[in-house]
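So you can see what is in the structure, the chains are spelled out below.
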Amino acid sequence: MTLSGSLLAAVLLAQGGVGTLSGRVTDADAKPVQGAIVIAQADGVTQQTRSDTAGVYALPGLRQGSWGVTARILGFAPDSAEVLVGSGVTRHDVRLQRVAVLGERVIAAQWTGMIGVVGSAQHRPLANASVRVVGKRTVETVNDGGGFAIPWPGDQNVVLRVTSPGYRDRLVAARVPPDGAVEVVVQLDSGRGVGAYALMADELQRRISWAGTNAAFVTREELLSAGTNDAMRALEGTPSFTRKGLVIDRNACLFVNGLPRPGFPLDSVDPETIEFIEVYPAVGEHSGVLRARWPRGAECGAPGSFRRRASPYQKVAYVVVWTRER
């Protein structure tokens, strides 16, 4: 009689023949590493999982005995070890070492900018990728390990467009700290042309290039720090928004990934899904792209909502949400 995999696992469990492998994945500074792939292999059997926000992972249902365990994530050197799994829970913590991606020009006091690595969804570095600062002429070609380093003034939000032949374009937002570098890890999915996430990236380039000083660009990090699941309230609490003196209500025209969404207000979007937001008052979106793209006669936001009064230099007319791919 042949037992199915699930039935066999149940039989082994009843006999005390399986256990759980669990632990925590951290970096050299003991900080948790989220999203690391942890793979256990033995006798032709493979099981895998990802570490959570605390760096914790768990692989239940492993037979007792020796397993080859590998942990990897883009930007770090893979870690491999032989682990003896017993009954109950076997603990195996992993400390990953970051792969150096900085060039000699970065190793200087007071250097501010963006450093990172570009790779595939399989966590392999892409040596032929390019990283462009949206709205600027700055383009960086990655090194053989997929690494890049772009000097940039501190205390600013930056949007990057990452491309590589044979892979879909991706947009990533980051905030450069006042006195240091922000680390960015970008994974690209294989495919021809640009993905839906970056379909309107050329228009984004034009908008940012022509944006008025009262336009705002807000990163995911800023939105989530507000601690609310209401995207409009989260936006109102971000420094990048408040320092512009802007006023927003549920009647702003909403775009998602560059495409209009008539009848939907910003608070209909879950902040967890957002990568970054563009915000423009009526006088501030000088490219004219959003006005031209909005369907003629369609209502903006939530019809019938309370309207807040403000000047056309302060009242938000357009909000463009770019969603997070992974």
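Residues numbered from 1 in each chain as written. Predicted model: local features only at pLDDT ≥ 70, side-chain atom pairs only at ≥ 80, totals over all residues. Heavy atoms only, no water.

**Student:** Honestly, the sheet that holds strand β19 (residues 253-256) in this entry has me stumped. Any pointers?
**Tutor:** The strands making up a sheet associate through backbone hydrogen bonding, with each pair oriented either parallel or antiparallel. Taking strand neighbours across the sheet as the criterion, the 5 strands line up as β18-β21-β22-β19-β20 in an open arrangement whose pairing is mixed. The open sheet has two edge strands, β18 (216-219) and β20 (259-260), and neither has a second partner. Across 2 bridges, the pairing between β19 and β20 is antiparallel. Directly across from Phe255, in β20, lies its bridge partner Pro260. Helix-sheet contacts for helix α2 (residues 201-210) involve β18, β21 (274-281) and β22 (316-323), and the interaxial angle to β21 is about 45 degrees. (Pairing = 2+ DSSP bridges. Helix = DSSP H or I, 4+ residues; strand = E, 2+ residues; numbered from the N terminus. Contact = heavy atoms within 4.5 Å. Axes fitted to C-alpha atoms, helices over the stretch in contact; angles between N-to-C directions.)

**Student:** Is there a simple way to think about the state of the cysteines in this case?
**Tutor:** Taken as a whole, this structure holds 1 disulfide when the rule is applied. In this model Cys253 forms its disulfide with Cys300; the gap between the sulfur atoms is 1.7 Å. Judged by the torsion about the S-S bond (60 degrees), the Cys253/Cys300 disulfide is right-handed. A residue pair is termed long-range when its members are at least 10 positions apart, and Cys253 in strand β19 and Cys300 in the loop between α6 (289-293) and β22 qualify at 47 residues. Cys300 sits in the buried class, given a relative accessible area of 19%. (Disulfide = S-S within 2.5 Å. Buried < 20%, exposed > 50% of the residue type's maximum accessible area, 1.4 Å probe, protein only.)

**Student:** I tried to follow unusual backbone geometry on my own but got confused; where do I start?
**Tutor:** Peptide bonds are trans in most cases, and residues, glycine excluded, mostly fall at negative phi. In this structure, Asp43 takes a positive phi of about 50 degrees despite not being glycine. You can see Asp43 is positioned in the loop between β2 (37-42) and β3 (45-50). Of the residues examined, Asp43 reaches a relative accessible area of 67% and is grouped as exposed. A positive phi angle is found at Asn257, which is not glycine, with a value near 55 degrees. With respect to the helices and strands, the residue Asn257 is situated in the loop between β19 and β20. Residue Asn257 is classed as buried on the basis of its relative accessible area of 13%.

None of this, on its own, says anything about what the molecule does.
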